[in-house]
Amino acid sequence: MSRIAAALFAGVALPTLLGADIANGQEGPGAELQCTVSGVEVVAEMSEAPGNVAVTPKGRIIASLHQFYEPARQVVEILPDGSVVPFLDEDAAEALELVALLGLQADRDGIVWMVDNGGGAVAPRVVAWNTVAEELHRILTFDQNLMPAGAFPNDLAVDRTHGKLVLANSGASQDAGFVIVDLATGEARRALHGHPLLAHEDEDMMIDGRVVTTGTDDARQPVRIALNPITIDPTDTWIYFGAMSGTSLYRVRARDLYDEALSDAALASRVERHGNKPYSDGITIDDASNVYVTDLRNGAVGVTGPDGTYRVLHQDARLSWPDGLAAGPDGCLYLTVNQLHRSAVLNGGDDISEPPYLIVRFAPQGPVTVGR
């Protein structure tokens with residue numbers, strides 16, 4: 001696991017990221033309010049499909065717009081009345097030149113970490129925006145050794161305790177792996193790339209009565225996606241992960257994943273199979289170690305409990321490709337719904353999705369912490 005330097009530009013001083021929570025009354029895990037939502041509640045109906053969602057400690061709802069739909073803009077904010085506005089002002093958006101933003105995570109200091117997959121002359125990178133000061137926090141840019149052509153960095157976890165950023169490099173099994181960024185030095189390295197623990201399974205993904213595929217005409221192939229959903233618990237002790245096209249939920253201690261002295265074989269020996277999950281795009285966790293999972297094939301969202309048993313929480317016709325999850329300071333879990341299997345990329349070149357696309361919320365089984 002070689003070390004590879006990641007270029008960065010410093011915005012706000014690093015102690016802001018690693019210091020005390022911003023003044024919102026939050027004092028640690030479980031300090032937020034209790035969610036009073038019954039069932040699944042629509043927060044916003046959108047004309048453009050969201051990718052992932054982040055909720056800041058002050059309750060601002062930020063959503064990426066999914067690159068599969070080739071949106072004109074990359075990231076938006078959902079106002080309390082459900083209306084959608086640009087997250088970044090025109091000058092900031094133009095200066096940052098976001099290309100293909102997908103992964104999104106807010107931390108407990110109000111920093112929104114945005115994964116830009118890049119394209120053309122723009123390398124994959126992470127752009128962090130400070131929503132308190134309304135300014136650029138930093139940019140982490142990854143070179144070709146770390147993110148070779150075809151890399152698809154997607155979900156991410158922010159570990160404030162250890163000063164680390166963990167990205168899931170998704171895609172085919174041989175390319176999937178973790179990218180770990182040291183936020184104190186800006187250096188990044190890979191771990192478990194191509195390891196069988198991160199591999200996809202070989203069962204087709206059936207949604208709406210058909211197999212979800214990539215490609216067009218005779219070149220169409222059933223979707224097989226390896227590592228994708230990841231999350232870290234509120235104490236920054238365990239990182240949970242799995243393949244999108246997989247039915248196992250794994251976890252590894254953060255300290256082990258960060259240990260550069262461990263070979264991939266030694267690190268893999270410390271990974272635990274935590275329990276069952278469905279084919280899923282996103283996961284998050286509450287303070288009681290319940291892991292919430294988007295259930296793609298069933299149009300549902302469910303939970304894998306501390307004992308490893310999975311069960312469906314909400315199955316709803318509106319949950320057509322439930323995607324990203326995030327915890328809010330109101331105690332609710334927020335979820336994007338984007339009909340991704342109906343996009344041209346996953347439907348033979350024909351986009352048969354129909355607005356509105358959704359952001360919804362629901363009550364978790366236990367208290368939650370912003371930043372999950």
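All figures in this text were calculated on a predicted structure; none of them were measured in a lab.

What counts, and where the lines are drawn
- Residues take numbers from 1 onward in each chain, read along the sequence in its written order.
- Residue-level local features of this predicted model are given only where pLDDT is at least 70; pairs of side-chain atoms are given and counted only at 80 or more, and the full residue set underlies all totals for whole chains, interfaces and linings.
- With hydrogens and water set aside, each side-chain value is computed from the structure's full complement of heavy atoms.
- By definition, any uninterrupted DSSP run of H or I lasting at least four residues is a helix, any uninterrupted run of E lasting at least two residues is a strand, and each is numbered from the N terminus.
- Should any heavy atoms of two residues lie within 4.5 Å, those residues are considered in contact.
- Should DSSP find at least two bridges between two strands, the strands are regarded as paired.
- Geometry is summarised by axes, namely lines fitted to C-alpha atoms with helices restricted to the contacting stretch, and by angles between N-to-C directions that run from 0 to 180 degrees.
- Two N or O atoms count as a polar contact when they lie within 3.5 Å, although within protein this holds only if one can serve as hydrogen donor and the other as acceptor, and sequence-adjacent residues are included solely when both atoms are side-chain atoms.
- Take the buried residues of types Ala, Val, Leu, Ile, Met, Phe, Trp, Tyr and Cys, join any two whose side-chain atoms come within 4.5 Å, and each joined set is a nonpolar core.
- The buried label goes to any residue with under 20% of its type's maximum accessible area, the exposed label to any with over 50%, and the partly exposed label to all in between, with areas taken from a 1.4 Å probe on protein chains only.

Participant: Summarise the side chain of Asp155; cite the residues concerned and give the values.
Facilitator: By secondary structure assignment, the location of Asp155 is in strand β12 (residues 152-159). Setting aside residues up to four positions removed in sequence, Asp155 forms contacts with Asn52, Val166, Leu167, Ala168, Asn228, Pro229, Ile230, Asp281 and Gly282.

Participant: I'd love a proper account of the sheet that holds strand β28 (residues 322-327), names of residues and values included.
Facilitator: Spatially, four strands are ordered β3-β30-β29-β28 in an open sheet, and the strand pairing comes out antiparallel. The open sheet has two edge strands with one neighbour each: β3 (41-46) and β28. Taken over all neighbouring pairs, the strand axes of this sheet differ in orientation by 20 degrees on average, direction set aside. The sheet contact formed by strand β29 (residues 333-337) and strand β30 (residues 357-362) spans five bridges and is antiparallel. By the bridge assignment for β30, Val337 is matched with Leu358.

Participant: Help me get a handle on the side chain of Thr336, residues and values and all.
Facilitator: Along the polypeptide, Thr336 turns up in strand β29. A polar contact of 2.8 Å, which involves the side chain of Thr336, links it to the backbone oxygen of Gly51. Aside from chain neighbours lying at most four places away, what touches Thr336 is Pro50, Gly51, Asn52, Val53, Trp321, Pro322, Asp323, Gly324, Leu358 and Ile359.

Participant: Describe in detail the nonpolar core, supporting the description with residues and values.
Facilitator: For soluble globular proteins, nonpolar side chains are generally found buried alongside one another. Ranked by size, the top nonpolar core spans 25 residues in total, and within it Phe178, Leu227, Ile230, Ile239, Phe241, Leu257 and Tyr258 carry the most contacts. Put simply, the parts of the chain that give this core at least two residues each are β13 (164-170), β14 (177-182), β20 (227-232), β21 (238-243), β22 (248-253), α3 (254-257) and α4 (264-268). For this core, the element with the highest residue contribution is β20, accounting for three residues. Sequence-distant contacts of Leu227, defined by excluding residues within four places in its chain, comprise Ala168, Asn169, Ser170, Gly171, Ala176, Gly177, Phe178, Leu198, Phe241, Gly242 and Ala243. Grouped together as the second largest cluster of nonpolar side chains are 18 residues, Ile111, Val126, Leu140 and Val179 included.

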